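Fold and geometry: a report
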Amino acid sequence: MDLNQTLSADDEIPSDPGRVPDHLSLPFAPDDDGLNLGESSLPQASEAQYDGERLQPSKQQLEAATINARAYWCRVVEKALSHHRNGLLPQQVNPSNILGKVPAIPNQPGSSRMLFVGDSPGKSALFIEAHSTYRVAEDEGCTASDRIKSIPALLQLGVPSPTPVNWNGTSFRHWVGIEGESRTRNYISILALGWSYILSVRLLEMQGQEGAEITYTQSTAIGYKRKTGDRIAATMTVDIGRIEEDAARWWAAILAPGQGWQAIVSRSDHMVYLSPWSVCVQDDRRFGIEWSAAGSSSQGSIVSTPVSSNKALGILTGFCMLHDLGSQCFAALATTLTFPTHNHYGTIATLPFPTSVRRQAENAPANLTTHDLAKLSEELPRYMALSCNYSVIMSSLCGAFWQPEIPCNLVSPWLHPITNELPIVEEVIEFEGHYHEILAVVCAIRRPKLSTLWLGAVISGLAPKILDLVKTGAPPLDRNAFAWTGCPQSFMDLAGSGAYSQTDACGERIRRADVWRLLYLPTVVDDDLHYENHPFAPWEPFGKTSMENSAARIRIHRFCSRHHLEYQHWTWRLENGSTLVDQGLEMSPAQTLSQKVSPRFEMTQNVKLPAAEVSLDQEASRTASWEVFQWVTSNGEGVPPNEPIYKDEWVRDESDGEVPSRQHDTTESIIGRPNSSTVSCVTIDGDEAVSPKTALWITSPARQVNIENWLKDVSS
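Residues numbered from 1 in each chain as written. Predicted model: local features only at pLDDT ≥ 70, side-chain atom pairs only at ≥ 80, totals over all residues. Heavy atoms only, no water.

Now for the overall build of the protein chain. When you go through the protein chain residue by residue, the secondary structure sums to 21 helices and 20 strands. Looking at the 716 residues of the protein chain, the share that counts as buried comes to 62%. Taking the contacts inside the protein chain whose residues are at least 6 apart along the sequence as the reference set, 82% of them involve residues at least 24 apart. When the accessible surface of the protein chain is split by element, carbon and sulfur atoms take 47% of a total near 26,600 Å². (Helix = DSSP H or I, 4+ residues; strand = E, 2+ residues; numbered from the N terminus. Buried < 20%, exposed > 50% of the residue type's maximum accessible area, 1.4 Å probe, protein only. Contact = heavy atoms within 4.5 Å. Areas by Shrake-Rupley, 256 points an atom, 1.4 Å probe, with all protein chains shown as cover.)

Read from one edge to the other, the open sheet built from three strands follows the order E5-E7-E8, with strand pairing classed as antiparallel. Edge positions in the sheet fall to strand E5 (213-216) and strand E8 (271-274), since each has one partner strand and no second. On average, each strand axis in the sheet is inclined to that of its neighbour by 40°, with strand direction left out of account. Where strand E7 (residues 261-268) meets E8, four bridges bridge the pair, whose relative direction is antiparallel. If you follow Ile-264 over to E8, its bridge partner there is Leu-274. (Pairing = 2+ DSSP bridges. Axes fitted to C-alpha atoms, helices over the stretch in contact; angles between N-to-C directions.)

Take the sheet that holds strand E4 (residues 163-166) next. The sheet built from three strands is open, its strands ordered E9-E4-E11 with parallel pairing. The open sheet terminates on both sides in strands that have one partner only, identified here as strand E9 (279-281) and strand E11 (349-350).

Now for the pairing of strand E6 (residues 236-243). For E6, the buried fraction is high: six of the eight residues fall into the buried class. The pairing of E6 with strand E10 (residues 287-293) spans seven bridges and is classified as parallel. Along E10, the bridge assignment pairs Gly-241 with Trp-291.

The final tally for this structure, using the stated rule, is 19 salt bridges. One salt-bridge network, in which partners are shared between bridges, spans Arg-113, Glu-129 and Arg-573. (Salt bridge = Lys/Arg side-chain N within 4 Å of Asp/Glu carboxyl O.)

Evaluation of the coordinates by the stated rule reveals 21 aromatic pairs. Ring-pair connections join several aromatic residues into one group, and the members of that group are Tyr-187, Tyr-197, Trp-250, Trp-251, Trp-261 and Phe-319. Note that Lys-149 overlies the ring of Tyr-520, its terminal NZ or CZ placed 4.3 Å from the centroid. Directly above the aromatic system of Tyr-224 lies the positively charged group of Arg-249, at a separation of 5.6 Å from the ring centroid. (Phe/Tyr/Trp six-rings, centres within 6.5 Å; stacked < 30°, edge-to-face > 60°. Lys NZ or Arg CZ within 6 Å of the ring centre and 35° of its normal.)

Let us now look at the pairing of strand E3 (residues 148-158). For E3, the buried fraction is high: nine of the eleven residues fall into the buried class. One ladder, built from ten bridges, connects strand E2 (residues 125-137) with E3; its direction is antiparallel. Note on E3: the bridge partner recorded for Arg-135 is Ile-148.

In this section: helix H4 (residues 188-207). Note that an α-helix has 3.6 residues per turn; residues three or four places apart therefore point the same way. Taking 1.5 Å per residue as the helical rise, H4 with its 20 residues ought to reach 28 Å, and the 28 Å between its terminal C-alpha atoms agrees with that figure. Across the 20 residues of H4, 19 count as buried, placing the element largely inside the fold. (Expected span 1.5 Å × (residues − 1).)

With respect to the secondary-structure elements, Ser-546 resides in strand E14 (residues 544-546). Overall, Ser-546 belongs to the buried group, its relative accessible area being 18%. Polar side-chain contacts of Ser-546 include one of 3.1 Å to the backbone nitrogen of Glu-548. Here Ser-546 is in contact with Glu-508, Arg-509 and Glu-643, once residues within four sequence places are set aside. (Polar contact = N/O pair within 3.5 Å; in protein donor to acceptor, adjacent residues only side chain to side chain.)

What follows concerns the environment of Glu-619. When you line up the elements, Glu-619 lands in helix H20 (residues 619-634). Sequence separation of Glu-619 and Val-411 is 208 residues, and the distance between their C-alpha atoms is 9.1 Å.

This part is about the state of the cysteines. Linking two cysteines covalently through their sulfur atoms gives a disulfide. Enumeration according to the criterion identifies zero disulfides in this entry. The thiol of Cys-443 is not disulfide-bonded; the next cysteine sulfur, from Cys-398, is found 9.7 Å away. By relative accessible area, Cys-443 is classed as buried at 1%. (Disulfide = S-S within 2.5 Å.)

Let us now look at the confidence of the model for the protein chain. Within the protein chain, residue pLDDT values average 77, and 73% of them lie at 70 or more. In the predicted structure, residues 298-302 sits below a pLDDT of 50 and forms five contacts with residues beyond four places in sequence or in another chain. Segment residues 358-366: pLDDT under 50, and twelve contacts once partners within four positions in sequence are set aside and those in other chains are kept. (pLDDT = per-residue confidence, 0-100.)

Note on placement: Phe-536 falls in the loop between helix H18 (512-520) and E14. Judged by its relative accessible area of 4%, Phe-536 falls in the buried class. Each C-alpha atom of the pair Phe-536 and Ser-490 lies 10.0 Å from the other, and the pair is 46 residues apart in sequence.

This paragraph deals with the side chain of Arg-185. Mapped onto the secondary structure, Arg-185 falls in the loop between E4 and H4. For the buried Arg-185, no salt bridge is present, and the opposite-charge side chain at shortest range is Asp-324, 5.2 Å distant. Polar contacts involving the side chain of Arg-185 include one to the main-chain carbonyl oxygen of His-323, which spans 2.9 Å. (Lys, Arg positive; Asp, Glu negative; His and termini not counted.)

With their axes 10 Å apart at the nearest point, H4 and helix H10 (residues 373-388) run at an angle of 80° to one another. Accordingly, the angle class assigned to the pair H4 and H10 is roughly perpendicular. On the side of H4, the interface is formed by Trp-195, Ile-198, Leu-199, Arg-202, Leu-203 and Met-206, while H10 contributes Leu-376, Ser-377, Leu-380, Pro-381 and Met-384. (Parallel < 35°, antiparallel > 145°, perpendicular 65-115°, else oblique.)

With nine of nine residues buried, helix H15 (residues 451-459) lies mostly within the body of the structure. Packing partners of the buried residues in H15 comprise H4, helix H8 (328-337), E11, helix H11 (390-399), helix H14 (434-446) and helix H16 (463-471). Among the residues trailing H15, Gly-461 stands out with phi positive, at a value near 85°.

On to the environment of Ser-266, then. Residue placement: Ser-266 occurs in strand E7. Along the primary structure Ser-266 and Leu-204 are separated by 62 residues, whereas in three dimensions their C-alpha atoms are 9.1 Å apart. The residues touching Ser-266, leaving out its near neighbours within four places in the chain, are Leu-126, Gln-209, Glu-210, Met-271, Val-272 and Tyr-273.

So, in C-alpha cells, the structure goes:
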C-alpha cells in the first residue's frame, strides 16, 4: 500500500501492521487481517489462567509478544528511514494538522488564577480557567445517555522565569526537509526564537493583565547599527537582508545572548509573570547580523519600541523568503510550541546550532510551502492554547507509543524494540542524534496529526524526557488531548466493541477494560464511588471479571450498546464573569474517527532490529499494571470479592505490601494520579486546600497538589 495514500492528515491510519516478515519465526500464524498485537497474539490460555493469581506473563508469552512487537516496529522503522533519507511528506510538516478541536485563546482577558505550588513562592505561575464538556453518547434507552461530564482545566499563561536555551542540540542539525526541497542550510533554531517573540506578543495583545508590557533589553546581536570594535567576535553572522531599522532592531533582540526582549504578562503581589514562550539563551556562541537599511535611518522611538506580533510575523516571513527556508518555518513553530513544556519540566531546550550559508541573492525563491501564511496568523491563538497546555502536549507526545489491545502486563515487550533495539541499529548509531530523528519520523507515521509536533519536540531536545516518561509504563495523560487533536492515547479514549455482557463457562463476564470505561461515565446510581478522573495509565487492564462482582453502576449497562463520552466544546471563563464557548475547527467529533491507529504497509526486509535480551526488564509492565488497577481500588470500590488477581504482587494495594517505585522525577506533570506519599497543598488566592483522593489532582514542578476549592468554584 502506498504510504502517501495512508498518511493523509485527515485520515487515521488503519490498524493492520501488515504481513509478518519471512525472516521472523513466529510460534503462531497471524490472522487474515495481519498481525494482531493484542491478547489474541499470545498462546491460548484459559479464562482461569487469565484470572488466576499471577498477572505476570510467562517466558513464552513474553517471547511471543516481543517477536510480534519487533515485527511491527521493523516495518515502521523501515518506512521512517526511507522518509529520513529522501525527505518528509508535505503533510508531515504541516502544523495545522495538530489543531483539530483545539480552542483559541480568547481575544479578551480571561479569569486568571495565581497558584503557589509546593513550598516556595518561586514556584507560582499564572493560569487561565476553563473547562471541557462531554456528553454520554449512544443508546437512547439508557438513563445515562445525554448526561454531561465537565472537566475543569487550567492553562498556564505566565511563568516566573524564561526557558533556558542553548545550541547543544544534535537532532536535525541537518534538516531533512520535504521531498524535493533544498537542504543547504538549517535556520530552524533562529526561526524558533522569532516564533517565541511572536507568540509572546500576541498573548499580551490578547490577554495582557495589569502591568503587562513588551520591552527590548540592552542585550543585542553583534553588528546592530553597524557597531564596530565589539570585544566578542560573532560565531556566526546572519544575513537579515535589506530591511527597515525597526526590523533590524527586532533581529538584534531575537539573536541576542541572554534575553534580548522581555514579555511581561502580569505583575501582581510583587510577582512578575513572563510569557510561557520567554527564552534565555545560555550559550557562549554569539550571533552577528548583516543588513542594509531599506529606508532612512531613525534614532527615535521606532528603534526602542518593540514591533507588534503581526509586524514580527511579516519580518520572519521575509527572512524565510530571503533564504528559501520552506518547511523550516513550520518546523520552527512546532519547536517553539514545546518551550512551555520545557519550562514546566525544568529542562533546557537544546537547539541545533544553525548552519552557515553564503549571502543570498535578493531574488531568492520565495516559495515557503503551499500553506497560507495569512491563515497561519489567524490560527495562532489555537497554537497558543495548545502550547500553553503542557499537559496536553506531553500526553499527546507520549501517546504516540500507546497501542490499542496491548494489555497492561505486556507493556515492556511492546516498548522494548523501539526503546532498546532501535537505538543500536547501525544506521541509527552512525550519527549523533539520529535515534531521536528516526523516532520523530516513526511517531509521525503512527500519528500523522501529531507529526509536526513530534518534529518540534525532537528539535528542541524534549525527546529524552518523553522517553523517560514512556519507559515508566505510566506516562502523563490528559483527557482533553484526544478531544483536541483526534489522536487516541488511552484505552479510555475508545468505546470498545461487542456486547458488555459475555457468558462463558465461568458465568456472566465483562472485560475489565469495559468496566473501567463505564466507571468513568456520569453515574445514574447513587453510591460512594468516585471516578472523576481517568485511570492513571493508558494501557487497558488485563482479563475479565464477573458481572456479579461489578458495581451497580456497571450492571445497569449490561445490555446496553456501547457508550462513550463525546466531546462537545471548550469553555473559557472570562475576567468579567461571562463564558466563551469554542468548538474548535473540525466539525466532526474526535470519537467518530477510526479507533485503529497502527499503520499498514509492505515489508521489504531491508531493516532488521537487533534482538536484544528477551528476558525483559518488566518494570514498565509492573508499573502500568499497578497504576491501572490502583485506579479502581483508590476510588472507593476496593478489592472485588473472589478476584485473586488483586492479590498479585504487581497490583495489590499499598496497604498489602510494597508497591512498584515510580520512575517519574519531581518535575513530572500528571493529571489524575494521586500519590499518598507526596500529599501537599496549594494556595489559591490566599486559600489553602488539602487533598482528598476524590478531588482534582495536579502534579506541580515540585509535587502533587490539590485545588479542591477551585474545583468547587468551577462546578458552582
